[in-house]
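Understanding the architecture of this molecule
The lines below spell out each chain.
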Amino acid sequence: MKLLIKLFIFSIITFFFTSCKEKKDDQIKKVTIENVSPISPMERVLEANNPLLKRVLDSAADYEVQIMFTEIKRNHNNVTFKDYKFHVNDSNYFYPASSVKLPIAVLALEKLNKDKRFTINTPFYIEGDSVETTFKDEINKIFAVSDNEAYNRLFEYLGKDYINKTLKEKGLTNVQMNHRLATDNAYEIENKPLIFITKDTLTEIVGSINTPIDTLKIENLKKGKGYMENDSIINAPMDFSLKNYLPVSTLHNIMKRIIFPENFSPEEQFNLAASDREFLLKSMSTLPKNQGYDSEKYYDSYVKFFMYGDKKEDIPDSLKIYNKVGFAYGYLTDCSYIHDTKNNIEFIITATIHVNKNQIYNDGIYEYDKVGIPFLAELGRQFYKTQTLTN
């Protein structure tokens, strides 16, 4: 009998202490959970241990990777941004290649909008050029297939001094546009006149003479161990100090101004007519096949690297990608506003990567297809995935 009483008392004491311990453990768990900070989209992507990303991110400095990502939150009529950055450094030079065509297209529309004599459909030609075209056609070519000659015609219309001055007035101070692309007169400081054709009348827009090109004053302007020139290898680093300069942060902020102008002051906005902005957005997102290009050669992702760059499949109609890419000298860059209208997902992403393993420039040997484009495509997919988790 005494033994039974002792066992009963021991059971009660054990239950009491066990219950207290469980309550204490539960309190500790609650405190721990409450104190854990939510993981950011950038952290989630960088820590994803994805093989397509890992092989690059493990050597991010060697690949000169820079990434900027913006979450977009809507509350009634208000839009707010939350930015995340990885290795973004405006002082660390990378060659922007054709991504410079984005601000040029917007500034051309803005300048044209100030001159009520002409529209985007008014025919024109550059003095000495046999091609008669329109701003609408040239801008469509820029976004559909990244046409260099189209960019050069708009650069001729604007002039480097006007471009740089106007961008800086809008608060986009870290930028220096110096030259045309893939042409013998790339660095010519004199811009040729444009001839507009209106009702059989020729109207000349006088060309401009620009200031001499200033060398860039930032880091890492001499790159690699050699470069090709006239079929010969020059065994010295290539000098980029006179090249165009458009860093990730500036490119990213240009996209913000295009997509969400109401989030910026009037001085910071691009002054576009509503119809011109509607045209610009349509041009930025329209696929090459819908611009009349051969879909076998110019597949949907031909100039859309994020999410679909490593595939040749059709991009769903519900997924709109407003973007501009650049690729040259082993540099791959994409700046995109991605909007999935079906699943109510939207974000802005800009990234650049350098793939030039042999460190020789202008030899055409770059790891675009093996490393660069797969990285950017997977990067886009992973950021898209982070937004599905928060929706």
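Residues numbered from 1 in each chain as written. Predicted model: local features only at pLDDT ≥ 70, side-chain atom pairs only at ≥ 80, totals over all residues. Heavy atoms only, no water.

1. Structural notes on the overall build of the protein
Secondary structure assignment for the protein yields 10 helices and 13 strands. The C-alpha atoms of the protein give 27 Å as radius of gyration, which overshoots the globular expectation for 391 residues (21 Å, by more than 25%). Taken along the three principal axes of its C-alpha coordinates, the protein extends 120 × 55 × 40 Å. A total of 391 residues make up the protein; the buried ones form 50% of that total. Intrachain contacts of the protein at a sequence separation of at least 6 include 65% that bridge at least 24 residues. (Helix = DSSP H or I, 4+ residues; strand = E, 2+ residues; numbered from the N terminus. Rg over C-alpha atoms; globule rule 2.2 N^0.38 Å. Buried < 20%, exposed > 50% of the residue type's maximum accessible area, 1.4 Å probe, protein only. Contact = heavy atoms within 4.5 Å.)

2. So, the packing of helix α5 (residues 135–145) against helix α6 (residues 148–158)
With their axes 8 Å apart at the nearest point, α5 and α6 run at an angle of 130 degrees to one another. Taken as axis vectors, α5 and α6 run oblique relative to one another. Seen from above, α5 lies across α6 with left-handed handedness. Residues Phe135, Glu138, Ile139, Lys141 and Ile142 of α5 form the contact with α6, whose participating residues are Glu149, Ala150, Tyr151, Arg153, Leu154 and Tyr157. Grouping the amino acids of the contact of α5 with α6 by side-chain chemistry returns seven nonpolar, no polar and four charged. (Axes fitted to C-alpha atoms, helices over the stretch in contact; angles between N-to-C directions. Parallel < 35°, antiparallel > 145°, perpendicular 65-115°, else oblique. Left-handed = near helix turned anticlockwise from the far one by under 90°. Nonpolar A, V, L, I, M, F, W, Y, C, P; charged D, E, K, R; others polar.)

3. Details of the pattern of salt bridges
Scanning the entire structure with this criterion turns up 18 salt bridges. Across the pair Arg117 and Asp115 runs a salt bridge whose closest N-O atoms are separated by 2.8 Å. Residue classification places Asp115 among the buried residues on the basis of a relative accessible area of 18%. Its salt-bridge partner being Glu138, residue Lys141 comes within 2.7 Å of it at the nearest N-O pair. Of the two residues, Lys141 and Glu138 are both situated in helix α5; the distance of three residues between them amounts to about one turn of the helix. Bridged by salt links that share partners, the residues Asp129, Glu138, Lys141, Glu149 and Arg153 form one connected network. (Salt bridge = Lys/Arg side-chain N within 4 Å of Asp/Glu carboxyl O.)

4. What about the packing of helix α8 (residues 248–259) against helix α9 (residues 274–285)?
Direction vectors running N to C along α8 and α9 enclose 125 degrees, while the axes themselves pass 11 Å from each other. When the axis of α8 is compared with that of α9, the two are oblique. Between α8 and α9, the residues in contact are Met255, Ile258 and Ile259 and Arg277, Leu280, Leu281 and Met284, respectively. Classifying every residue of the contact of α8 with α9 by side-chain character gives six nonpolar, no polar and one charged.

5. Observations regarding the packing of aromatic side chains
Applying the stated criterion across every chain, the model contains 27 aromatic pairs. Here the aromatic rings of Tyr93 and Phe240 are separated by 5.9 Å at their centres, their planes lie at 45 degrees, and the arrangement is tilted. Taken together, the positions of Tyr93 in the loop between β2 (78–86) and α4 (101–114) and Phe240 in the loop between β9 (238–239) and α8 put the pair 147 residues apart, joining distant regions of the chain. The class for Phe240 is buried, based on a relative accessible area of 0%. Ring centres of Tyr157 and Phe196 lie 6.5 Å apart, and the angle between their planes is 70 degrees; on these two criteria the pair is classed as edge-to-face. Residue Tyr157 is found in helix α6, and its partner Phe196 is found in strand β4 (residues 194–198); the two are separated by 39 residues along the sequence. This pair shows no difference in class: Tyr157 is buried, exactly as Phe196 is. (Phe/Tyr/Trp six-rings, centres within 6.5 Å; stacked < 30°, edge-to-face > 60°.)

6. Some thoughts on the side chain of Asn323
Relative to the helices and strands, Asn323 is located in strand β10 (residues 319–328). A distance of 2.6 Å separates the side chain of Asn323 from the side chain of Lys304, its partner in a polar contact. A polar atom in the side chain of Asn323 sits 3.1 Å from the side chain of Asp334. (Polar contact = N/O pair within 3.5 Å; in protein donor to acceptor, adjacent residues only side chain to side chain.)

7. A short note on the environment of Met238
Among the structural elements, Met238 can be located in strand β9. Judged by its relative accessible area of 10%, Met238 is buried. Along the chain, Met238 and Ile365 lie 127 residues apart, while their C-alpha atoms are 15 Å from each other. In contact with Met238, not counting residues within four places along its chain, are Leu221, Lys222, Lys223, Tyr227, Lys243, Tyr329 and Tyr361.

8. A look at the environment of Pro41
With respect to the secondary-structure elements, Pro41 resides in helix α2 (residues 41–46). Judged by its relative accessible area of 8%, Pro41 is buried. With 349 residues separating them along the chain, Pro41 and Thr390 place their C-alpha atoms 9.5 Å apart. Beyond its immediate sequence surroundings of up to four residues, Pro41 is in contact with Phe69, Glu71, Tyr84, Phe383, Thr386 and Gln387.

9. Some thoughts on the confidence of the model for the protein
Residue-level pLDDT values for the protein average 92, and 91% of them are 70 or greater. Segment residues 1–36: pLDDT under 50, and zero contacts once partners within four positions in sequence are set aside and those in other chains are kept. (pLDDT = per-residue confidence, 0-100.)

10. So, α9
If you check α9, its first and last C-alpha atoms are 17 Å apart, about what 12 residues at 1.5 Å a residue would give, namely 16 Å. Within the span of α9, buried status applies to Asp276, Phe279, Leu280, Leu281, Ser283, Met284 and Ser285. Where α9 is buried, its residues touch α4, α5, α8 and β10. (Expected span 1.5 Å × (residues − 1).)

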